[in-house]
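# A look at the structure
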Amino acid sequence: MSLLQWPAMAVTLLAAWLVASLHKKKRSWGFWCFIASNVLWVAWGWHDQAWALIALQVGLFAMNLRGARKNEPDAG
């Protein structure tokens, strides 16, 4: 389980790269990668009892959901 931090880190870096894109579709993928990384970090944090990390990831998860929604084209 301790090796989970490496894919979590890689997905986080990929997400940051994608979110910085000028293309809406790539930004969207970036937010969803960030959400996946939040889940990975929570799993790793739970195993290591890193409660502050888990709290951070929950907050970032909420912001990433907001970013993903704001990046979508308007429905109306």
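Our subject is the structure that appears above.
Owing to the predicted nature of the structure, the values given are computational and were not obtained by experimental measurement.

## Observations concerning the packing of helix α2 (residues 24-48) against helix α3 (residues 51-71)
Two numbers describe a pair of packed helices, the interaxial angle and the distance between the axes. Running from N to C, α2 and α3 point in directions that differ by 160°, and their axes come no closer than 9 Å. Taken together, the axes of α2 and α3 lie roughly antiparallel to each other. Along this stretch, α2 crosses α3, giving a crossing that reads as left-handed.

## Thoughts on the packing of helix α1 (residues 5-19) against α2
At their nearest, the axes of α1 and α2 sit 8 Å apart, and the two run at 160° to each other. As summarised for this structure, α1 and α2 are arranged roughly antiparallel, according to the angle between their axes. In this structure, α1 crosses over α2, and the sense of that crossing is left-handed. Contacts between α1 and α2 involve Gln5, Pro7, Ala8, Met9, Val11, Thr12, Leu14, Ala15, Ala16, Leu18 and Val19 from the first element and Lys26, Arg27, Trp29, Gly30, Phe31, Cys33, Phe34, Ala36, Ser37, Leu40, Trp41 and Trp44 from the second. The class makeup of the residues in the contact of α1 with α2 is 17 nonpolar, 4 polar and 2 charged.

Thresholds applied
Residues numbered from 1 in each chain as written. Predicted model: local features only at pLDDT ≥ 70, side-chain atom pairs only at ≥ 80, totals over all residues. Heavy atoms only, no water. Axes fitted to C-alpha atoms, helices over the stretch in contact; angles between N-to-C directions. Helix = DSSP H or I, 4+ residues; strand = E, 2+ residues; numbered from the N terminus. Parallel < 35°, antiparallel > 145°, perpendicular 65-115°, else oblique. Left-handed = near helix turned anticlockwise from the far one by under 90°. Contact = heavy atoms within 4.5 Å. Nonpolar A, V, L, I, M, F, W, Y, C, P; charged D, E, K, R; others polar.

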